[in-house]
Amino acid sequence: MAPNHLLRAALPIRSIASSMALARSTIVPSTRSISQSVRAASTETSQSPQTPTYPANAISTTSPALQPPVPLRQYAYNLKTGTVTSVGRMEHTVTVAYRHKTWDKHIRKYYPKTTHYLVSDPRDSLRKGDVIEFSSGARKSPRVHHIVERIITPFSTAIEDRPAVMSREERQQQQEARWAAKYLRRESRRLGHEIDLEAAAAPFISPDEKNLSAAELIHRIHQGKERVGKIKGLVASRTTAQESPAAE
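As annotated in an unreviewed UniProt entry, the chain carries the name Ribosomal protein S17 and comes from Penicillium capsulatum. Quoted verbatim from the Sequence similarities (unreviewed entry) field of UniProt, the annotation for the chain is "Belongs to the universal ribosomal protein uS17 family."

Student: Help me understand the overall build of the chain, please; the structure alone is not making it clear to me.
Tutor: Within the chain one finds seven helices and five strands. The helix and strand sequence of the chain, counted from the amino end, reads α-α-α-β-β-β-β-β-α-α-α-α. Here the chain, with 248 residues, has 19% of them falling under the buried criterion. Here the contacts in the chain between residues at least 6 apart in sequence split such that 58% fall between residues at least 24 apart.

Student: Looking at this structure, how should I read the packing of helix 4 (residues 168–191) against helix 6 (residues 214–222)?
Tutor: Two elements in contact, helix 4 and helix 6, have axes separated by 8 Å at closest approach and are oriented at 60 degrees. Here helix 6 runs oblique to helix 4, going by the angle between their axes. Residues Glu176, Trp179, Ala180 and Tyr183 of helix 4 form the contact with helix 6, whose participating residues are Ala214, Ala215, Ile218, His219 and His222. A class-by-class count of the residues in the contact of helix 4 with helix 6 yields six nonpolar, two polar and one charged.

Student: Hey, could you run me through unusual backbone geometry in this one?
Tutor: Peptide bonds are, in most cases, trans, and in most cases residues other than glycine have a negative phi. Phi is positive for Arg108, close to 60 degrees, though the residue is something other than glycine. Here Arg108 lies in the loop between strand 2 (93–104) and strand 3 (109–120). Since its relative accessible area comes to 61%, Arg108 is described here as exposed. Positive phi values are uncommon outside glycine, yet Ser156 reaches one of about 70 degrees. Its location among the elements puts Ser156 in the loop between strand 5 (146–153) and helix 4.

Student: Where do I start with the environment of Glu133 in this structure?
Tutor: Considering the arrangement of structural elements, one finds Glu133 in strand 4 (residues 131–136). Sequence separation between Glu133 and Ile151 is 18 residues, and the spatial gap between their C-alpha atoms is 6.3 Å. When sequence neighbours within four positions are dropped, the list of residues in contact with Glu133 reads Leu79, Lys80, Val148, Glu149, Arg150 and Ile152. A polar contact is formed between the side chain of Glu133 and the side chain of Arg150, at a distance of 2.9 Å.

Student: Honestly, the sheet that holds strand 4 in this entry has me stumped. Any pointers?
Tutor: Two orientations exist for strands paired in a sheet by backbone hydrogen bonds: parallel and antiparallel. With respect to topology, five strands assemble into a closed barrel ordered 1-2-3-5-4, the strand pairing being mixed. On average, each strand axis in the sheet is inclined to that of its neighbour by 50 degrees, with strand direction left out of account. Pairing geometry for strand 2 and strand 3, over twelve bridges, is antiparallel. Considered in strand 3, the bridge of Thr102 is made with Tyr111. Packing against the sheet, helix 4 makes contact with strand 4 and strand 5, and its axis sits at approximately 155 degrees to strand 5.

Student: Would you explain helix 4 in this entry?
Tutor: Side chains three or four residues apart in an α-helix point the same way, a direct result of the helix having 3.6 residues per turn. For helix 4, spanning 24 residues, the distance from its first C-alpha to its last is 34 Å, which sits close to the expected 34 Å at 1.5 Å a residue. Regarding helix 4, the residues found buried are Arg171, Trp179, Ala180, Tyr183, Glu187, Ser188, Arg190 and Leu191. Residues of helix 4 that are buried in the fold lie against strand 4, strand 5 and helix 6. Gly192, located one to two residues past helix 4, shows a positive phi value of around 90 degrees.

Student: Can you help me understand helix 6 in this one?
Tutor: Within helix 6, the full set of buried residues consists of Ala215, Leu217, Ile218, Ile221 and His222. Around the axis of helix 6, the buried residues are gathered within 160 degrees of arc, so they sit on the same side. Among the structural elements, helix 4 and helix 5 (197–201) are those in contact with the buried residues of helix 6. A positive backbone phi angle near 55 degrees is found at Gln223, which sits one or two residues after helix 6.

Student: Teacher, can you tell me more about the pairing of strand 4 here?
Tutor: Counting buried positions over the six residues of strand 4 gives five, a clear majority of the element. The sheet contact formed by strand 1 (residues 79–90) and strand 4 spans five bridges and is antiparallel. Following the sheet pairing, Thr81 is matched in strand 4 by Glu133. As paired strands, strand 4 and strand 5 are joined by six bridges and run antiparallel to one another. Of the residues in strand 5, the one forming a bridge with Glu133 is Arg150.

About the criteria used
- Residues numbered from 1 in each chain as written.
- Predicted model: local features only at pLDDT ≥ 70, side-chain atom pairs only at ≥ 80, totals over all residues.
- Heavy atoms only, no water.
- UniProt positions renumbered as here; feature names shortened; annotations may be inferred.
- Helix = DSSP H or I, 4+ residues; strand = E, 2+ residues; numbered from the N terminus.
- Buried < 20%, exposed > 50% of the residue type's maximum accessible area, 1.4 Å probe, protein only.
- Contact = heavy atoms within 4.5 Å.
- Axes fitted to C-alpha atoms, helices over the stretch in contact; angles between N-to-C directions.
- Parallel < 35°, antiparallel > 145°, perpendicular 65-115°, else oblique.
- Nonpolar A, V, L, I, M, F, W, Y, C, P; charged D, E, K, R; others polar.
- Polar contact = N/O pair within 3.5 Å; in protein donor to acceptor, adjacent residues only side chain to side chain.
- Pairing = 2+ DSSP bridges.
- Expected span 1.5 Å × (residues − 1).
- Arc of directions from axis to C-beta.

So, in C-alpha cells, the structure goes:
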C-alpha cells in the first residue's frame, strides 16, 4: 500500500467527514440562504413604486375643436354583363357568370372564357337565371368586389314583384350616413361628450336650408377642408414644389 494511503487510513473518520463538510459549506452555499435572498429581493422589488404606463395612441379629450374628417374614398369602376348562376348560398351575395374572351399569346388567338364573380345584392333582388349589369370597385368583403347595378332580363319573377335594386345615389347616401355616424362616434369619444351637429353648423347654414343630412352638416362645418394623411400631404407638397418652378 502506498504511504499516502496508509496515512489516510490512520486518520479518524469523524475528522475526515467534518473537513469535507466544511469544504462543501465554504464552496457551495446552502439552498436555504439562496431562497432567503431571492425572497428578500422579490419583496424589495414589489414594494418599489411603479409608474403607470399609458398607450401611445391614447385619445386626447382636452381639445374642444372638431378635427377634420377623413374623406370618403371614390373607387374607379367598370360595368360588366353576366348571368346569375347561384343564389342563396351567401347573405346578400350571388354568383354571376361573366362570359368574355381571353388572348392566348402563344397561339395568338382569342378564346371564349367564363369567369365567376361574387356580386353584392343588398336587397336580395336577384334570382337564378337573371341577366344583370354589375360594376366593380365596391368592396364589400375580401372576396366580394362587385355590386349589382340593374336587372337587364329577369327570370321567373317580374321585376315589379321584387325589391328594387339600389341605385348608385342610394348607395352613396348610405355610405355617407355610415361615414357621418363613425365620425360622430370618434369625435364624441375624443371630446368626452355628445356633439350637437345642428348647433355647430348653425353659422354655416342659411335659414332656407332645412333637413340636411349629418354628412352635409359635417361638410358645412369644415367647409371642404378634410384631413389629409402624412403620405398624401407629403406627395401634394412635393408636387406643388415641383410645379411652381416650372410655372415661373
